[in-house]
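An overview of the molecular structure
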Amino acid sequence: MSLAGTLGNENWLKTNEANIKAIFPLQWTEIKNLNGLKLGCDLKNLGVDWSSEKEFEMIMVFIEKLGFIMRDGQAIKRNPDCIF
């Protein structure tokens, strides 16, 4: 999995911050109530290539660490604040 052109690229992140955030809910939503397949497909449509469940999990953790999404226990929502 190479993310150098997408999540590993600061310019790409700046350009696509709103697109990434748009994938996630506005309100706190339990992770079990999200459609993981849709999230994964939406990320792939943005060019974020992953090929296993483990890679997808790592990408989700990275997106949280970037601050694009917020987590409270088992619930997540998009961060309304601009990161860049």
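The structure this text deals with has already been given above.
Residues numbered from 1 in each chain as written. Predicted model: local features only at pLDDT ≥ 70, side-chain atom pairs only at ≥ 80, totals over all residues. Heavy atoms only, no water.

Quick look at the layout of surface pockets now. Each pocket or cavity is described by its volume, and for the largest pocket that value is around 250 Å³. What lines the largest pocket is simply Ile31, Leu34, Gly36, Leu39, Phe56, Glu57, Met60, Val61, Glu64, Ile69, Arg71 and Ile76. Contributing elements (two or more residues each) for the lining of the largest pocket: helix 2 (36-45), helix 3 (53-66) and strand 2 (69-72). No other element matches helix 3, which puts five residues into the lining of the largest pocket. (1 Å grid on protein atoms, 1.4 Å probe; cavity = no way out; pocket = protein on both sides within 12 Å on 5 of 7 lines; lining within 4 Å. Points joined across faces, edges and corners; volume = space filled by probe spheres on them. Helix = DSSP H or I, 4+ residues; strand = E, 2+ residues; numbered from the N terminus.)

Time to look at the packing of helix 2 against helix 3. Orientation of helix 2 relative to helix 3, taken along the N-to-C sense of each, is 75°, at an axis distance of 12 Å. The orientation of helix 2 relative to helix 3 falls into the category roughly perpendicular. Listed contacts from helix 3 to Gly36, Leu39, Gly40 and Leu43 of helix 2 are Phe56, Ile59, Met60 and Ile63. For the contact of helix 2 with helix 3, the residue count by class is six nonpolar, two polar and no charged. (Axes fitted to C-alpha atoms, helices over the stretch in contact; angles between N-to-C directions. Parallel < 35°, antiparallel > 145°, perpendicular 65-115°, else oblique. Contact = heavy atoms within 4.5 Å. Nonpolar A, V, L, I, M, F, W, Y, C, P; charged D, E, K, R; others polar.)

The next subject is the sheet that holds strand 3 (residues 75-78). The strands making up a sheet associate through backbone hydrogen bonding, with each pair oriented either parallel or antiparallel. If you walk across this open sheet you meet the three strands as 1-3-2, and the pairing is antiparallel. Both edges of this open sheet fall to strand 1 (29-30) and strand 2, since each of them pairs with a single strand only. Relative to strand 3, strand 2 is paired through four bridges, and the arrangement is antiparallel. When the sheet's bridge partners are listed, Asp72 is paired in strand 3 with Ala75. (Pairing = 2+ DSSP bridges.)

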